[in-house]
Amino acid sequence: FADREAKRPMQADAIFRLASVTKLVVATAVLRLYELGEIELDDPVTDFLPWFAPKLADGAAPVIRIRDLLTHTSGLTHDVPETISTGPIGPLISLEENLRRLAALPLAFKPGTKWAYGMSLDVLGGVLAAINASDLQAALELHVFAPLGIKDARFVAADAARLTTQYGDGPQGSPPVRMGDPHTVRRADGFSMTVSPGRILDREAPQSGGGGLSGTAADVMAVLDSYLTGALLKPETIRMALSNQIGEVPRVPGEAFSFIGALTTDPVAAKAAWPAGTVAWGGGWGHNWFLDPVNRLAVLTCTNTMFEGLGGKIRSDVAEAVYAGG
């Protein structure tokens, strides 16, 4: 159901809050600009945002490169104060002001030396907007949405009537809970996140390249499919995008990281149903995806339930069903 209480069925054109699925779109736009020669992967971020120069704890100001942002090896994390918008919640300020506040925080580590999930793609959103001399929405329209025929992907939901009602995991064994605003969702492992479902209708919220888009499943599939069909990027760029881009920098067992998501290097260690070479990620509002270039598969699951749709049993169930026939 798009709305459980009203028993409103989920439709193919339902609009979801996409959360970190937004990162796939922003990374794809960066790779398109790379192909066009407007950006190099080793360019310092300060070439585009001269004021974005966060320092290490010792006061040193290291160079953060575009590739550091794409691979989450920049030293930026999600450990930020409430004065900074993280995408699903935070103050209603401009994107530039949000990134200026982020730049004032110390980096967690020297860029390129460790991997930590964080606000790197928010910064890349600022880079895209600066290059395009526009907001992030217009930059994504030019480089991804228009070329792929994507109509509904927006930082403010294109149609409130098609927007799904958002739910959060209930206590273990109980049904999902209809979210309030704000709403805190707690996982069984103790991790919690406070989010604002209504934010997707607020034009004053900064356009978060890390988690602010809304759109349909078809919108996301158009981007995923482009990595199999070559509809947007050249074959050599796609191969690069889906390969290990962090070398020996440690992550989790059986996984490295590509330019667009986690790269499975050892399916057994990663406890994955898919083969080595598959790239996967998702979005906290309730989505997950994987790209298997070996078998030419793009698989997406969109739900309106945080966190089950991201990393719950449905994720492994879908993957196992896809590969059940061998």
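Rules behind the numbers
Residues numbered from 1 in each chain as written. Predicted model: local features only at pLDDT ≥ 70, side-chain atom pairs only at ≥ 80, totals over all residues. Heavy atoms only, no water. Helix = DSSP H or I, 4+ residues; strand = E, 2+ residues; numbered from the N terminus. Buried < 20%, exposed > 50% of the residue type's maximum accessible area, 1.4 Å probe, protein only. Pairing = 2+ DSSP bridges. Axes fitted to C-alpha atoms, helices over the stretch in contact; angles between N-to-C directions. Contact = heavy atoms within 4.5 Å. Polar contact = N/O pair within 3.5 Å; in protein donor to acceptor, adjacent residues only side chain to side chain. Phe/Tyr/Trp six-rings, centres within 6.5 Å; stacked < 30°, edge-to-face > 60°.

## Quick word on unusual backbone geometry
Then comes step 1: The omega torsion of the bond from D181 to P182 falls at 5°, within 30 degrees of zero and hence cis.
Then comes step 2: Along the chain, P182 falls in the loop between β3 (177-178) and β4 (183-186).
Then comes step 3: Residue F307 follows M306 across a cis peptide bond; omega there is 5°.
Then comes step 4: In this fold, F307 is placed in the loop between β12 (305-306) and α9 (308-311).
Then comes step 5: With phi around 50°, A19 is a residue other than glycine that occupies positive phi space.
Then comes step 6: Checked against the element boundaries, A19 lands in the loop between β1 (16-17) and α1 (21-35).
Then comes step 7: Using a relative accessible area of 9% as the deciding quantity, one classes A19 as buried.
Then comes step 8: Unusually for a residue other than glycine, A133 sits at a positive phi of about 50°.

## A word on the sheet that holds strand β8 (residues 262-264)
Within a sheet, adjacent strands bond to each other through the backbone by hydrogen bonds, running parallel or antiparallel.
Then comes step 1: With respect to topology, five strands assemble into an open sheet ordered β7-β8-β9-β10-β11, the strand pairing being antiparallel. Where the open sheet ends on each side, the last strands, each with one partner, are β7 (255-257) and β11 (297-302). On average, adjacent strands in this sheet sit at an angle of 25° to one another, irrespective of strand direction.
Then comes step 2: Together, β9 (279-283), β10 (287-292) and β11 form the strand contacts of helix α10 (residues 313-322), whose direction differs from that of β11 by roughly 150°.

## Digging into the side chain of S20
Then comes step 1: If you trace the backbone, S20 turns up in the loop between β1 and α1.
Then comes step 2: Overall, the relative accessible area of 14% leaves S20 in the buried class.
Then comes step 3: A polar atom in the side chain of S20 sits 2.7 Å from the side chain of Y117.
Then comes step 4: Residues in contact with S20, not counting those within four places in the same chain, are Y117, G210, G211, W281, G282, G283 and G284.

## What to know about the packing of aromatic side chains
Then comes step 1: Under the definition given, this model contains nine aromatic pairs.
Then comes step 2: A ring pair is formed by W115 and F257, whose centres lie 5.4 Å apart and whose planes are at 50°; its orientation type is tilted. Pair noted here: W115 is in the loop between α3 (95-103) and α4 (120-132) and F257 is in strand β7, with a separation of 142 residues, a long-range link. Taken individually, W115 and F257 each receive the classification buried, so the pair is uniform in this respect.
Then comes step 3: With a centroid separation of 4.6 Å and 35° between ring planes, the pair formed by W274 and F290 is classed as tilted. Of this pair, W274 sits in the loop between α8 (267-270) and β9 while F290 sits in strand β10, and the two are 16 residues apart along the sequence.
Then comes step 4: Looking at W274, the relative accessible area reads 6%, which means it is buried.

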